[in-house]
Amino acid sequence: MKLVSYALLAVLLFSCNQSRTTDDHITGYIDIKDGKLYYEESGIGEALVFIGGGGLMDSRQWQDQINFFRNKYRTISIDPRGIGNSEVPFTSFSNSDDLKMALDILKIDKAVIVGLSYAGGIALDFAVSNPDRISLLICSGPLISGWEFSESMVEKQRIFFEASTKGVEEFIKVAFDQDPYFIPSPKNPKARSFARSLIKETFEVEGFDQSLIAPLEPPTIQQVGEIKIPSLLIGGQLDHPDIHARIDFLDEQIDQSEKVIIQNAGHIVNMENPVELNIKLSDFLEKFLKK
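Residues numbered from 1 in each chain as written. Predicted model: local features only at pLDDT ≥ 70, side-chain atom pairs only at ≥ 80, totals over all residues. Heavy atoms only, no water.

Student: What should I look at first to understand the environment of Cys-139 in this one?
Tutor: Following the sequence through the fold, Cys-139 ends up in strand β6 (residues 134-140). Along the chain, Cys-139 and Glu-276 lie 137 residues apart, while their C-alpha atoms are 15 Å from each other. The residues contacting Cys-139, other than those within four sequence positions of it, are Gly-115, Gly-120, Leu-124, Leu-232, Leu-233 and Ile-234. (Helix = DSSP H or I, 4+ residues; strand = E, 2+ residues; numbered from the N terminus. Contact = heavy atoms within 4.5 Å.)

Now the structure itself:
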(Lines give C-alpha, C1' and ligand atoms only; values in the text may rest on other atoms or scores of the structure.)
Protein backbone atom coordinates (compact mmCIF):
# COMPACT_ATOMS: atom_id res chain seq x y z
CA MET A 1 0.00 0.00 0.00
CA LYS A 2 1.55 3.29 -1.08
CA LEU A 3 1.57 6.04 1.55
CA VAL A 4 1.74 9.69 0.61
CA SER A 5 3.57 12.38 2.54
CA TYR A 6 1.51 15.00 4.32
CA ALA A 7 2.62 17.72 1.91
CA LEU A 8 1.65 15.65 -1.11
CA LEU A 9 -1.55 14.57 0.61
CA ALA A 10 -2.60 18.18 1.02
CA VAL A 11 -2.17 18.70 -2.73
CA LEU A 12 -4.09 15.52 -3.51
CA LEU A 13 -6.97 16.47 -1.25
CA PHE A 14 -7.25 19.87 -2.87
CA SER A 15 -7.23 18.52 -6.40
CA CYS A 16 -9.45 15.51 -5.63
CA ASN A 17 -12.17 17.80 -4.29
CA GLN A 18 -12.57 18.86 -7.89
CA SER A 19 -12.34 15.54 -9.71
CA ARG A 20 -12.57 12.63 -7.26
CA THR A 21 -14.64 9.63 -8.34
CA THR A 22 -16.03 6.88 -6.13
CA ASP A 23 -13.17 4.66 -7.32
CA ASP A 24 -10.51 6.96 -5.84
CA HIS A 25 -8.72 5.68 -2.77
CA ILE A 26 -6.37 7.78 -0.66
CA THR A 27 -4.08 6.56 2.10
CA GLY A 28 -1.82 8.67 4.24
CA TYR A 29 -1.06 10.34 7.53
CA ILE A 30 -2.65 13.29 9.29
CA ASP A 31 -0.30 15.48 11.31
CA ILE A 32 -1.67 16.15 14.78
CA LYS A 33 -0.09 17.49 17.95
CA ASP A 34 2.97 15.36 18.79
CA GLY A 35 2.05 12.60 16.36
CA LYS A 36 0.49 11.26 13.19
CA LEU A 37 -2.76 9.39 12.54
CA TYR A 38 -3.05 6.90 9.70
CA TYR A 39 -6.18 7.16 7.59
CA GLU A 40 -7.78 5.92 4.40
CA GLU A 41 -10.47 7.61 2.34
CA SER A 42 -12.71 6.76 -0.60
CA GLY A 43 -16.00 7.90 -2.07
CA ILE A 44 -17.82 11.23 -2.10
CA GLY A 45 -20.75 12.75 -0.25
CA GLU A 46 -21.62 12.92 3.45
CA ALA A 47 -18.61 11.98 5.58
CA LEU A 48 -18.72 8.66 7.45
CA VAL A 49 -15.76 8.31 9.82
CA PHE A 50 -14.99 4.79 11.04
CA ILE A 51 -12.64 4.69 14.04
CA GLY A 52 -10.27 1.75 14.47
CA GLY A 53 -9.28 0.11 17.74
CA GLY A 54 -12.24 -2.11 18.57
CA GLY A 55 -11.26 -5.51 19.92
CA LEU A 56 -7.52 -4.77 19.59
CA MET A 57 -7.86 -4.37 15.82
CA ASP A 58 -7.15 -1.47 13.51
CA SER A 59 -9.65 0.16 11.16
CA ARG A 60 -9.40 -2.65 8.62
CA GLN A 61 -12.04 -4.32 10.77
CA TRP A 62 -14.52 -1.96 9.06
CA GLN A 63 -13.69 -3.08 5.51
CA ASP A 64 -17.10 -4.72 4.93
CA GLN A 65 -18.85 -1.48 5.90
CA ILE A 66 -16.49 0.71 3.89
CA ASN A 67 -16.93 -1.44 0.79
CA PHE A 68 -20.69 -1.29 1.27
CA PHE A 69 -20.96 2.50 1.74
CA ARG A 70 -18.11 3.91 -0.34
CA ASN A 71 -20.27 4.31 -3.46
CA LYS A 72 -22.75 6.49 -1.60
CA TYR A 73 -20.75 8.34 1.03
CA ARG A 74 -17.31 9.77 1.69
CA THR A 75 -15.94 6.94 3.83
CA ILE A 76 -12.93 7.63 6.03
CA SER A 77 -11.23 5.23 8.41
CA ILE A 78 -8.89 6.55 11.09
CA ASP A 79 -6.68 4.69 13.55
CA PRO A 80 -6.23 6.38 16.95
CA ARG A 81 -2.73 6.79 18.35
CA GLY A 82 -1.06 3.50 19.12
CA ILE A 83 -3.39 1.55 16.80
CA GLY A 84 -2.45 0.11 13.40
CA ASN A 85 -0.15 2.40 11.42
CA SER A 86 -0.75 5.46 13.60
CA GLU A 87 2.16 6.65 15.70
CA VAL A 88 2.64 5.41 19.25
CA PRO A 89 2.12 8.27 21.76
CA PHE A 90 4.77 9.30 24.27
CA THR A 91 3.00 12.36 25.69
CA SER A 92 -0.46 12.94 27.12
CA PHE A 93 -3.18 13.25 24.49
CA SER A 94 -6.93 13.31 23.93
CA ASN A 95 -8.54 11.03 21.37
CA SER A 96 -11.38 13.55 21.01
CA ASP A 97 -8.97 16.38 20.30
CA ASP A 98 -7.10 14.19 17.81
CA LEU A 99 -10.33 13.41 15.97
CA LYS A 100 -11.28 17.09 15.87
CA MET A 101 -7.87 17.98 14.40
CA ALA A 102 -8.27 15.23 11.82
CA LEU A 103 -11.66 16.58 10.72
CA ASP A 104 -10.19 20.09 10.51
CA ILE A 105 -7.34 18.93 8.28
CA LEU A 106 -9.69 16.87 6.10
CA LYS A 107 -11.96 19.94 5.81
CA ILE A 108 -14.99 18.19 7.31
CA ASP A 109 -17.40 20.43 9.21
CA LYS A 110 -19.63 17.61 10.43
CA ALA A 111 -19.40 13.85 10.14
CA VAL A 112 -21.17 10.65 11.06
CA ILE A 113 -18.88 9.10 13.67
CA VAL A 114 -18.78 5.29 13.98
CA GLY A 115 -16.94 3.28 16.63
CA LEU A 116 -16.97 -0.12 18.32
CA SER A 117 -15.80 -1.01 21.85
CA TYR A 118 -12.74 1.18 22.63
CA ALA A 119 -13.43 3.19 19.48
CA GLY A 120 -17.10 3.42 20.49
CA GLY A 121 -15.91 5.14 23.65
CA ILE A 122 -13.97 7.62 21.52
CA ALA A 123 -17.13 8.28 19.49
CA LEU A 124 -19.11 8.90 22.69
CA ASP A 125 -16.46 11.24 24.07
CA PHE A 126 -16.43 13.15 20.79
CA ALA A 127 -20.22 13.51 20.82
CA VAL A 128 -20.00 15.01 24.31
CA SER A 129 -16.99 17.26 23.74
CA ASN A 130 -17.61 18.36 20.13
CA PRO A 131 -21.37 18.19 19.52
CA ASP A 132 -21.17 20.77 16.73
CA ARG A 133 -18.87 18.51 14.67
CA ILE A 134 -20.99 15.36 14.62
CA SER A 135 -24.16 14.84 12.61
CA LEU A 136 -24.96 11.28 13.73
CA LEU A 137 -23.48 9.02 16.40
CA ILE A 138 -23.14 5.28 15.81
CA CYS A 139 -21.52 3.16 18.48
CA SER A 140 -21.45 -0.57 19.12
CA GLY A 141 -20.70 -2.06 22.54
CA PRO A 142 -18.92 1.15 23.56
CA LEU A 143 -16.78 1.84 26.56
CA ILE A 144 -18.18 4.59 28.77
CA SER A 145 -15.74 6.66 30.78
CA GLY A 146 -16.76 6.41 34.44
CA TRP A 147 -18.78 3.20 34.04
CA GLU A 148 -18.37 0.77 36.94
CA PHE A 149 -17.71 -2.74 35.62
CA SER A 150 -19.46 -5.79 37.03
CA GLU A 151 -17.43 -8.43 38.86
CA SER A 152 -17.88 -10.71 35.86
CA MET A 153 -16.43 -8.13 33.48
CA VAL A 154 -13.54 -7.35 35.82
CA GLU A 155 -12.67 -11.05 35.91
CA LYS A 156 -12.94 -11.28 32.12
CA GLN A 157 -10.54 -8.35 31.73
CA ARG A 158 -8.12 -9.96 34.20
CA ILE A 159 -8.14 -13.20 32.22
CA PHE A 160 -7.60 -11.37 28.93
CA PHE A 161 -4.74 -9.31 30.37
CA GLU A 162 -3.04 -12.34 31.89
CA ALA A 163 -3.29 -14.17 28.57
CA SER A 164 -1.84 -11.16 26.71
CA THR A 165 1.29 -11.26 28.89
CA LYS A 166 1.94 -14.79 27.62
CA GLY A 167 1.89 -13.80 23.97
CA VAL A 168 -0.49 -13.41 21.06
CA GLU A 169 -1.22 -17.11 20.64
CA GLU A 170 -2.34 -17.46 24.25
CA PHE A 171 -4.47 -14.33 23.98
CA ILE A 172 -6.15 -15.59 20.81
CA LYS A 173 -6.75 -18.97 22.42
CA VAL A 174 -8.52 -17.33 25.36
CA ALA A 175 -10.42 -14.72 23.31
CA PHE A 176 -11.57 -17.04 20.53
CA ASP A 177 -11.76 -20.50 22.03
CA GLN A 178 -12.61 -19.92 25.68
CA ASP A 179 -14.50 -16.62 25.87
CA PRO A 180 -18.18 -16.95 24.84
CA TYR A 181 -18.67 -13.26 24.10
CA PHE A 182 -15.80 -11.80 22.04
CA ILE A 183 -16.39 -13.37 18.62
CA PRO A 184 -18.29 -16.57 19.37
CA SER A 185 -19.94 -17.50 16.10
CA PRO A 186 -18.28 -20.71 14.82
CA LYS A 187 -20.45 -20.42 11.71
CA ASN A 188 -18.35 -17.53 10.46
CA PRO A 189 -14.81 -18.88 10.05
CA LYS A 190 -13.93 -16.04 7.67
CA ALA A 191 -14.57 -13.42 10.36
CA ARG A 192 -12.66 -15.38 12.97
CA SER A 193 -9.71 -15.90 10.66
CA PHE A 194 -9.54 -12.23 9.66
CA ALA A 195 -9.85 -11.07 13.27
CA ARG A 196 -7.06 -13.43 14.32
CA SER A 197 -4.76 -12.03 11.64
CA LEU A 198 -5.48 -8.42 12.63
CA ILE A 199 -4.91 -9.11 16.32
CA LYS A 200 -1.61 -10.86 15.56
CA GLU A 201 -0.45 -7.74 13.75
CA THR A 202 -1.43 -5.44 16.62
CA PHE A 203 0.75 -7.45 18.97
CA GLU A 204 3.69 -6.51 16.77
CA VAL A 205 3.00 -2.80 17.29
CA GLU A 206 4.80 -1.17 20.19
CA GLY A 207 2.37 -0.63 23.06
CA PHE A 208 1.98 2.56 25.06
CA ASP A 209 1.10 3.72 28.54
CA GLN A 210 -2.71 3.90 28.64
CA SER A 211 -2.50 6.57 31.35
CA LEU A 212 -1.38 8.98 28.62
CA ILE A 213 -4.99 9.08 27.38
CA ALA A 214 -6.57 12.17 28.92
CA PRO A 215 -10.13 11.38 30.11
CA LEU A 216 -12.97 13.83 29.84
CA GLU A 217 -13.79 15.78 32.98
CA PRO A 218 -16.38 15.23 34.26
CA PRO A 219 -16.38 11.63 32.96
CA THR A 220 -18.50 10.81 29.95
CA ILE A 221 -21.03 8.84 31.99
CA GLN A 222 -22.09 12.10 33.63
CA GLN A 223 -22.51 13.89 30.30
CA VAL A 224 -24.17 11.43 27.91
CA GLY A 225 -27.59 12.85 28.79
CA GLU A 226 -26.48 16.04 27.04
CA ILE A 227 -26.12 14.29 23.67
CA LYS A 228 -28.86 15.73 21.46
CA ILE A 229 -27.98 14.20 18.11
CA PRO A 230 -29.59 11.08 16.64
CA SER A 231 -27.67 8.08 17.95
CA LEU A 232 -27.66 4.44 16.90
CA LEU A 233 -26.68 2.09 19.74
CA ILE A 234 -25.66 -1.39 18.65
CA GLY A 235 -25.18 -4.61 20.56
CA GLY A 236 -24.33 -8.14 19.59
CA GLN A 237 -26.92 -10.70 20.61
CA LEU A 238 -24.22 -12.93 22.12
CA ASP A 239 -22.18 -10.19 23.81
CA HIS A 240 -21.50 -9.90 27.55
CA PRO A 241 -24.42 -8.78 29.79
CA ASP A 242 -22.31 -5.82 30.93
CA ILE A 243 -22.21 -4.54 27.35
CA HIS A 244 -25.98 -4.82 27.03
CA ALA A 245 -26.36 -2.93 30.32
CA ARG A 246 -24.23 -0.09 28.92
CA ILE A 247 -26.31 0.06 25.76
CA ASP A 248 -29.55 0.13 27.75
CA PHE A 249 -28.14 2.92 29.93
CA LEU A 250 -27.21 5.01 26.89
CA ASP A 251 -30.60 4.36 25.32
CA GLU A 252 -32.26 5.74 28.44
CA GLN A 253 -29.97 8.77 28.65
CA ILE A 254 -29.86 9.91 25.01
CA ASP A 255 -33.12 11.47 23.80
CA GLN A 256 -32.79 10.66 20.09
CA SER A 257 -31.41 7.15 20.42
CA GLU A 258 -32.28 3.93 18.65
CA LYS A 259 -31.12 0.52 19.88
CA VAL A 260 -30.53 -2.45 17.60
CA ILE A 261 -29.32 -5.95 18.44
CA ILE A 262 -27.34 -7.78 15.76
CA GLN A 263 -28.20 -11.47 15.72
CA ASN A 264 -25.63 -14.28 15.81
CA ALA A 265 -22.82 -11.95 16.83
CA GLY A 266 -20.82 -11.27 19.96
CA HIS A 267 -18.72 -8.18 20.59
CA ILE A 268 -17.25 -7.78 17.10
CA VAL A 269 -20.54 -7.31 15.23
CA ASN A 270 -19.01 -5.51 12.24
CA MET A 271 -17.06 -8.64 11.32
CA GLU A 272 -19.36 -11.41 12.56
CA ASN A 273 -22.58 -10.30 10.91
CA PRO A 274 -21.70 -7.51 8.45
CA VAL A 275 -24.77 -8.10 6.27
CA GLU A 276 -27.29 -7.38 9.03
CA LEU A 277 -25.19 -4.56 10.43
CA ASN A 278 -24.89 -2.85 7.05
CA ILE A 279 -28.67 -2.99 6.63
CA LYS A 280 -29.21 -1.40 10.05
CA LEU A 281 -26.62 1.27 9.36
CA SER A 282 -28.08 2.01 5.94
CA ASP A 283 -31.60 2.37 7.33
CA PHE A 284 -30.39 4.74 10.03
CA LEU A 285 -28.34 6.87 7.65
CA GLU A 286 -31.11 7.14 5.08
CA LYS A 287 -33.60 8.09 7.77
CA PHE A 288 -31.60 11.11 8.87
CA LEU A 289 -29.41 11.99 5.90
CA LYS A 290 -32.15 11.52 3.28
CA LYS A 291 -29.78 9.77 0.90
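Student: How do you make sense of the environment of Asn-130 when you look at a structure like this?
Tutor: Here Asn-130 is to be found in the loop between α4 (118-129) and β6. The buried category is assigned to Asn-130, whose relative accessible area is 7%. Asn-130 sits 61 residues away from Ala-191 along the chain, and the two C-alpha atoms are 33 Å apart. Beyond its immediate chain neighbours, meaning those up to four positions away, Asn-130 contacts Ser-96 and Lys-100. Polar side-chain contacts of Asn-130 include one of 2.9 Å to the side chain of Ser-129. (Buried < 20%, exposed > 50% of the residue type's maximum accessible area, 1.4 Å probe, protein only. Polar contact = N/O pair within 3.5 Å; in protein donor to acceptor, adjacent residues only side chain to side chain.)

Student: Looking at this structure, how should I read unusual backbone geometry?
Tutor: Among all residues except glycine, the phi angle is most often negative; among peptide bonds, the trans geometry is most common. A cis amide bond links Glu-217 to the next residue, Pro-218, at an omega of -5°. Note on placement: Pro-218 falls in the loop between α7 (189-202) and β7 (231-236). The phi dihedral of Ser-117 falls on the positive side, at around 60°, and the residue is not glycine. Judged by relative accessible area, which is 12%, Ser-117 ranks as buried.

Student: Help me out: how do you make sense of the packing of aromatic side chains in this one?
Tutor: Two aromatic rings are characterised by how far apart their centres lie and by the angle between their planes. Within the structure shown, the criterion is met by eleven aromatic pairs. When the centroid spacing of 5.3 Å and the interplanar angle of 45° are considered together, the rings of Phe-50 and Trp-62 count as tilted. With Phe-50 in strand β3 (residues 47-51) and Trp-62 in the loop between β3 and α2 (63-69), this residue pair connects regions lying twelve residues apart in the sequence. Each member of the pair, Phe-50 as well as Trp-62, is classed as buried. Site record: aromatic cluster; members linked through ring pairs are Phe-160, Phe-171, Phe-176, Phe-182 and Phe-203. (Phe/Tyr/Trp six-rings, centres within 6.5 Å; stacked < 30°, edge-to-face > 60°.)

Student: Sorry if this is basic, but what is going on with the layout of surface pockets here?
Tutor: Which parts of space are left empty comes out when a probe the size of a water molecule is rolled across the atoms. The computed volume of the largest pocket comes to approximately 1,600 Å³. Around the largest pocket sit 47 residues that line it, and Gly-53, Leu-56, Tyr-118, Leu-143 and Gln-210 are the ones nearest its centre. Elements with a contribution of two residues or more to the lining of the largest pocket: α3 (95-105), α4, α5 (151-164) and α8 (241-253). If one sorts the elements of the lining of the largest pocket by residue count, α5 sits on top with six residues. When grouped by side-chain class, the residues that make up the lining of the largest pocket number 23 nonpolar, 18 polar and six charged. (1 Å grid on protein atoms, 1.4 Å probe; cavity = no way out; pocket = protein on both sides within 12 Å on 5 of 7 lines; lining within 4 Å. Points joined across faces, edges and corners; volume = space filled by probe spheres on them. Nonpolar A, V, L, I, M, F, W, Y, C, P; charged D, E, K, R; others polar.)

Student: Teacher, can you tell me more about the packing of α5 against helix α6 (residues 168-178) here?
Tutor: Packed helices, taken two at a time, are described by the angle between their axes plus the distance between the axes. Between α5 and α6, the least distance of the axes is 7 Å, while the angle of their chain directions is 155°. By the angle between their axes, α5 is roughly antiparallel relative to α6. Each of Ile-159, Phe-160, Ala-163 and Ser-164 in α5 lies in contact with α6, whose residues at this interface are Glu-170, Phe-171, Val-174 and Ala-175. Counted by class, the contact of α5 with α6 contains six nonpolar, one polar and one charged residues. (Axes fitted to C-alpha atoms, helices over the stretch in contact; angles between N-to-C directions. Parallel < 35°, antiparallel > 145°, perpendicular 65-115°, else oblique.)

Student: Looking at this structure, I do not really get the sheet that holds strand β5 (residues 111-116). What am I missing?
Tutor: The strands that make up a sheet are held in pairs by hydrogen bonds between backbone atoms, and each pair lies either parallel or antiparallel. Taken in spatial order, the eight strands line up as β1-β2-β4-β3-β5-β6-β7-β8 in an open sheet, and their pairing is mixed. Sheet topology places β1 (25-32) and β8 (257-262) at the edges, where each strand pairs with a single neighbour. Adjacent strand axes in the sheet meet at a mean angle of 20° when their direction is disregarded. As judged from the four bridges shared by strand β2 (residues 35-42) and strand β4 (residues 74-78), these two strands associate in the antiparallel manner. Its bridge partner being in β4, Glu-41 is matched across the sheet by Ile-76. Its contacts with the sheet put α3 on β1, β2, β3, β4 and β5, and the angle it makes with β1 is roughly 125°. (Pairing = 2+ DSSP bridges.)

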